[in-house]
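One-letter residues, chain by chain:
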Amino acid sequence: DNESEADGAEVEIQDEEEEKDEVREEKRHLSSQVELNTEVQELDSLIVEKEALIDQLIKQSKVFNNMREKYEMRLQQLREAVEHATEEKEKTQKEMQMLAIHEEGSGKQR
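First things first, this report covers the structure right here in the doc.

1. Some remarks on the pattern of salt bridges
Counted under the stated rule, the structure contains three salt bridges. Between Arg-24 and Asp-21 there is a salt bridge; the shortest N-O distance is 2.6 Å. Here the residue Arg-24 and the residue Asp-21 both occupy positions in helix α1 (residues 2-109), the gap between them amounting to three residues, near one helical turn. The class for Arg-24 is partly exposed, based on a relative accessible area of 40%. Close ionic contact of Glu-25 with Arg-28 constitutes a salt bridge, the shortest N to O distance being 2.8 Å. Taken together, the residues Glu-25 and Arg-28, both in helix α1 and three residues apart, mark about one turn of the helix. Take Glu-25: its relative accessible area is 45%, and that puts it in the partly exposed class.

2. Here we look at the environment of Lys-20
Within the secondary structure, Lys-20 sits in helix α1. Here Lys-20 falls in the partly exposed class, since its relative accessible area comes to 44%. The sequence separation of Lys-20 and Glu-10 amounts to 10 residues, and the corresponding C-alpha distance is 15 Å.

3. Here's the deal with a negative patch on the surface
Together, Glu-12, Asp-15, Glu-16, Glu-17, Glu-18, Glu-19 and Glu-22 line one region of the surface with negative charge. Tracing the sequence through the fold places Glu-17 in helix α1.

What counts and how
- Residues numbered from 1 in each chain as written.
- Predicted model: local features only at pLDDT ≥ 70, side-chain atom pairs only at ≥ 80, totals over all residues.
- Heavy atoms only, no water.
- Salt bridge = Lys/Arg side-chain N within 4 Å of Asp/Glu carboxyl O.
- Helix = DSSP H or I, 4+ residues; strand = E, 2+ residues; numbered from the N terminus.
- Buried < 20%, exposed > 50% of the residue type's maximum accessible area, 1.4 Å probe, protein only.
- Patch = residues over 30% accessible without salt bridge, like charges linked within 9 Å, V, L, I, M, F, W, Y side chains within 5 Å.
- Areas by Shrake-Rupley, 256 points an atom, 1.4 Å probe, with all protein chains shown as cover.
- Lys, Arg positive; Asp, Glu negative; His and termini not counted.
- Charge placed at Lys NZ, Arg CZ, Asp CG, Glu CD.

This is the structure in structure tokens:
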């Protein structure tokens, strides 16, 4: 009879230990879940932040490309203006040479 009581007490102690182990395991599991949820929230925040940075970079890239196009157009206009001015200069120099030759020729005839 004492033996069966001791066996019963031993089984009861094992049951209590198993329950304590289950409770500890449940606490560990809940703690892991909380940590994972925190990590997921942090990752979500980082993703939102990175997406905002990407949007900002895209906008800046568009502005830069627009400025570059305007600069290239203006540069082309200036090149054309220089080319036109150079042509006008050369034409004027030729005309002056022709006048000088003509005046020299008419001066000799006198």
